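A look at the structure
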Amino acid sequence: MGLQAQAERIGFHIVGQLVRHWDFEPSHLYRCYFDEAQNQYILHRGILTIVAADGTVY
C-alpha cells in the first residue's frame, strides 16, 4: 500500500506535492517526505507515520 493510500485510509489529506528530505532519514529503512503545508510523512518498513504541522501524530 502506497503513502497516498495509507494517508487517505486514516483520513489525512496530503497538501500539494510531496518532497523527499534525505537529511531526515536516519537509515536506508526510512523515507521522509514533507508536503506543502509542512506535514511530515515518515515511511519505515512500509508503515506510515504522519506528523502534522501542528505536532499531532497520526
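Here's what I pulled together on the structure shown here. Note that the structure is a prediction, hence the values are computed from the model and not measured.

1. Focus on the packing of aromatic side chains
Tallied over the entire structure, the rule returns three aromatic pairs. Seen from their ring centres, F12 and Y41 are 6.0 Å apart, and the 75° between their planes marks the pair as edge-to-face. One end of the pair, F12, is in the loop between α1 (3-9) and β1 (19-20); the other, Y41, is in strand β3 (residues 40-44), and 29 residues separate them in sequence. Residue classification places Y41 among the buried residues on the basis of a relative accessible area of 0%. Aromatic ring contacts, followed pair by pair, group F12, Y41 and Y58 into a single cluster. When the ring centre of W22 is taken as origin, the NZ or CZ atom of R20, which lies over that ring, is 3.5 Å away.

2. Let's talk about the pattern of salt bridges
Under the counting rule described, the total for this entry stands at one salt bridge. Here R20 and E25 are joined by a salt bridge, their closest N and O atoms 2.8 Å apart. Residue classification places E25 among the buried positions, given a relative accessible area of 14%.

3. Quick word on unusual backbone geometry
It is generally the case that most residues other than glycine have a negative phi and that most peptide bonds are trans. With a phi angle near 70°, Q38 is a residue other than glycine that sits in the positive phi range. Position of Q38 among the secondary structure elements: in the loop between β2 (30-34) and β3. Of note in the backbone geometry, R45 takes a positive phi value of approximately 55° without being a glycine. Note on placement: R45 falls in the loop between β3 and β4 (47-51).

4. Describing the sheet that holds β3
The strand order β1-β2-β3-β4 describes an open sheet built from four strands, whose pairing is antiparallel. The open sheet is flanked by β1 and β4, the only strands paired with a single partner. Bridge count between β2 and β3: five bridges; the pairing is antiparallel. Its bridge partner lying in β3, C32 is registered against I42.

What counts as what
Residues numbered from 1 in each chain as written. Predicted model: local features only at pLDDT ≥ 70, side-chain atom pairs only at ≥ 80, totals over all residues. Heavy atoms only, no water. Phe/Tyr/Trp six-rings, centres within 6.5 Å; stacked < 30°, edge-to-face > 60°. Helix = DSSP H or I, 4+ residues; strand = E, 2+ residues; numbered from the N terminus. Buried < 20%, exposed > 50% of the residue type's maximum accessible area, 1.4 Å probe, protein only. Lys NZ or Arg CZ within 6 Å of the ring centre and 35° of its normal. Salt bridge = Lys/Arg side-chain N within 4 Å of Asp/Glu carboxyl O. Pairing = 2+ DSSP bridges.

Bear in mind that shape data such as this cannot, by itself, settle questions of function.
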